[in-house]
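Residues per chain, in single letters:
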Amino acid sequence: MIERYLEQVSTYAGDIDGLINLIAWFVGVWFLVAEFVFFYLIFKFRHREGHKGEYITGEEKHQKRFITIPHFLVLVCDIFIIIGAVRVWVDVKQTLPPADATVRIIGQQWAWSFVHPGPDGELDTADDIKTVESLNTEVGKVYHFQLESRDVLHDFSVPVFRLKQDAIPGRIISGWWKATKTGEWDIQCAEICGIGHGVMRARIKVQSAAEHASWMHENSPVASIASAN
Ligand SMILES: [Cu+2]
């Protein structure tokens, strides 16, 4: 349902959409049932000549069941939602599969900047590639990220990945994704962070292995120094 409006581009996007759909169905069905009963009772017990209104305390057993039975059924739905939510939370947020590469993502008022490992695959070495508002990655690889903020709360959001993570000053927050197709999509800030929040956009490029290797070669400071010599 959701993927008709927003592509799914990470391995866990489908799981998150499944959870949202599950909640939407439970809430939607119960909303329709409640509205149907509500209007049925309004019409059935509307004002009629010769009928006097009756005060009901709702304490008798045959009256109480109108509350206890739906209450019980809603709790059963809650159990399904909690099981689904915990499974997705553990898979997406708590279990980091082994990384193929790690990138650093830095939020500040009001731009995203990125540090990519260079050809050596390690961060904080001479061949790191630093960019602003453009994150270059490879399809099918598990990326870990180290998310930081230089000033206030930000939130790194990639809607097509269904990834959203707060950036908190003073902390380095880890997470992961694995992209399933090549292309270019939006990165947004999803936490109001000041007057420039709305323009705090960036793009994520998911490239094939060959494209990514040539991008890395062209942009790595060490590779360009080596080729210039
Ligand atoms: Cu923001």
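Check the entry above for the structure.
Just so we're clear, the structure is a prediction, and the values are computed from it rather than from any experiment.

Quick notes on the rules
Residues numbered from 1 in each chain as written. Predicted model: local features only at pLDDT ≥ 70, side-chain atom pairs only at ≥ 80, totals over all residues. Heavy atoms only, no water. Pairing = 2+ DSSP bridges. Helix = DSSP H or I, 4+ residues; strand = E, 2+ residues; numbered from the N terminus. Axes fitted to C-alpha atoms, helices over the stretch in contact; angles between N-to-C directions. Donors = N, O, S within 2.8 Å, 3.2 Å for Na, K, Ca; no water. Tetrahedral: all angles 85-135°; square planar, octahedral: opposite > 155°, others 65-115°. Buried < 20%, exposed > 50% of the residue type's maximum accessible area, 1.4 Å probe, protein only. Contact = heavy atoms within 4.5 Å.

Strands in a sheet are paired, the pairing made by backbone hydrogen bonds, and the direction either parallel or antiparallel. Ordered in space as 3-2-1-5-8, the 5 strands form an open sheet in which the pairing is mixed. At either end of the open sheet lies a strand with only one pairing partner, and these are strand 3 (129-132) and strand 8 (173-178). The sheet shows a mean angle of 25 degrees between the axes of neighbouring strands, taken without regard to direction. Bridging between strand 1 (residues 101-108) and strand 2 (residues 111-116) involves 5 bridges; their strand directions are antiparallel. Each residue of the ladder has a partner; that of Gly107, found in strand 2, is Trp112.

Another point: the coordination of the copper ion. Ideal geometry at a metal gives 109.5 degrees between four tetrahedral donors and either 90 or 180 degrees between six octahedral ones. Within the first shell, the copper ion binds the protein through Cys189 (SG), Glu191 (O), Cys193 (SG) and His197 (ND1), at distances of 1.9 to 2.5 Å. For the copper ion, the 4 donor atoms in the first shell make angles of 85 to 124 degrees at the metal, so the coordination geometry reads as tetrahedral. The sequence pattern formed by the donor residues of the copper ion is C-x1-E-x1-C-x3-H. Judged by its relative accessible area of 9%, Cys189 is buried. The exposure class of Glu191 is partly exposed, given its relative accessible area of 25%.

The strand order across the open sheet built from 5 strands is 4-10-9-6-7, with neighbouring strands paired in mixed fashion. Strands at the two margins of the open sheet, each flanked by one partner only, are strand 4 (134-138) and strand 7 (163-167). The average undirected angle you get between the axes of adjacent strands in this sheet is 20 degrees. Across 5 bridges, strand 6 (residues 154-158) lies against strand 7 in antiparallel orientation. Its bridge partner being in strand 7, Ser157 is matched across the sheet by Lys164. The strands that helix 3 (residues 209-219) touches are strand 4 and strand 10 (202-207); relative to strand 4, the one it contacts most, it runs at about 130 degrees.

Here the focus is the pairing of strand 2. Buried residues dominate strand 2, accounting for 6 of its 6 residues. Of the two faces of strand 2, the one holding Ala111, Ser113 and Val115 and the one holding Trp112, Phe114 and His116 are both buried throughout. What sits between strand 1 and strand 2 in their antiparallel hairpin is a turn of 2 residues. Here strand 2 pairs with strand 3 via 4 bridges, running antiparallel. In the strand pairing of strand 3, Ser113 is matched with Val132.

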